[in-house]
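Okay, here's what each chain looks like letter by letter:
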Amino acid sequence: IARQLELEKRGNSYIVSSQPVASLSSLATDAKVVSNSSVKGGKPVELVKLTKSAELGEHIKLELDLQQSKLVELSFENAKHSLKLKIDTVAGQLILDRTNAGIADFESGFASVQRAPLDIKAGVVQLEIFLDTSSIEVFADNGRTVMTSVVFPGAPYSQLKLSTDTAINIQHAAIAQLRSIWQK
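Keep in mind it's a predicted model, so treat the numbers as computed, not measured.

Thresholds applied
Residues numbered from 1 in each chain as written. Predicted model: local features only at pLDDT ≥ 70, side-chain atom pairs only at ≥ 80, totals over all residues. Heavy atoms only, no water. Helix = DSSP H or I, 4+ residues; strand = E, 2+ residues; numbered from the N terminus. Contact = heavy atoms within 4.5 Å. Buried < 20%, exposed > 50% of the residue type's maximum accessible area, 1.4 Å probe, protein only. Salt bridge = Lys/Arg side-chain N within 4 Å of Asp/Glu carboxyl O.

Undergrad: Could you clarify how one ought to interpret the environment of Val125 in this entry?
TA: Counting through the fold element by element, Val125 comes out in strand E10 (residues 124–131). In the structure, Val125 is positioned 65 residues away from Ile60 in sequence and 14 Å away in space, judged by C-alpha atoms. Not counting residues up to four positions away in its chain, the partners in contact with Val125 are Leu62, Glu63, Leu64, Leu66, Ile87, Leu118 and Ile120.

Below is the structure:
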């Protein structure tokens, strides 16, 4: 994913934020959107069904009001594998768990859990996720937290489930396909 980098001053230090280039949004097609939808704790919600998408798209945007939630999980799934993206509000972390994401027997440390700091402002988290057959890229907090990882599921992920320990509100959810940049 082509990115735009920005240097931001935070207190007495600087951070580099990274966001997808704006022109990438012109590749999005068939976007399905839902706004202001409540999710109850302990009951997973299938986001593909909630947005009335035909299938799990390559571009997912979420804005979640976490309210009192301590843990929110997004699970990208197929019949055999699941890639989990978690928001731990207590630790202030974004967690990518690929321990059951797919084929990983080629290297002992490949099926791992990755963690990154996440600054949660007023209980709201914004995520922009790009998913293809062998990678996931996550941009959180307007690019202040970014995670990229390769995965090798036996089949493409077809479901996206959101679960939480207590009620949250999906302020905005969008699932879109991305058309190819290559001429046919």
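That was the structure; now back to the text.
Undergrad: Looking at this model, I keep getting lost on unusual backbone geometry. Mind explaining?
TA: The backbone phi angle of Gln67 is positive, close to 50°, even though this residue is not glycine. By secondary structure assignment, the location of Gln67 is in the loop between strand E5 (59–65) and strand E6 (71–77). Of note, the phi angle at Asn142 is positive, near 55°, even though the residue is not glycine. One can find Asn142 in the loop between strand E11 (135–140) and strand E12 (145–150). Accessibility expressed as a relative area gives 39% for Asn142, which makes it partly exposed.

Undergrad: I keep staring at the pattern of salt bridges and nothing clicks. Help me out?
TA: Any two side chains of opposite charge can pair, on the condition that their charged atoms come close. Tallied over the full model, the rule gives 13 salt bridges. In this structure, Arg3 and Glu137 form a salt bridge, with 2.1 Å as the shortest nitrogen-oxygen distance. Remark: Glu137 occurs in strand E11 and Arg3 occurs in strand E1 (residues 3–10); sequence separation between them is 134 residues. Owing to a relative accessible area of 9%, Glu137 belongs among the buried residues under this scheme. Taking the shortest distance from any N to any O, the salt bridge between Arg10 and Asp141 comes out at 3.9 Å. Note that Arg10 is positioned in strand E1 and Asp141 in the loop between E11 and E12, a separation of 131 residues in sequence. Its relative accessible area of 29% is what places Arg10 among the partly exposed residues. With relative accessibility at 10%, the residue Asp141 sits in the buried group. Via salt bridges that share partners, Glu8, Arg10, Asp119, Lys121, Asp141 and Arg144 belong to a single interconnected network.

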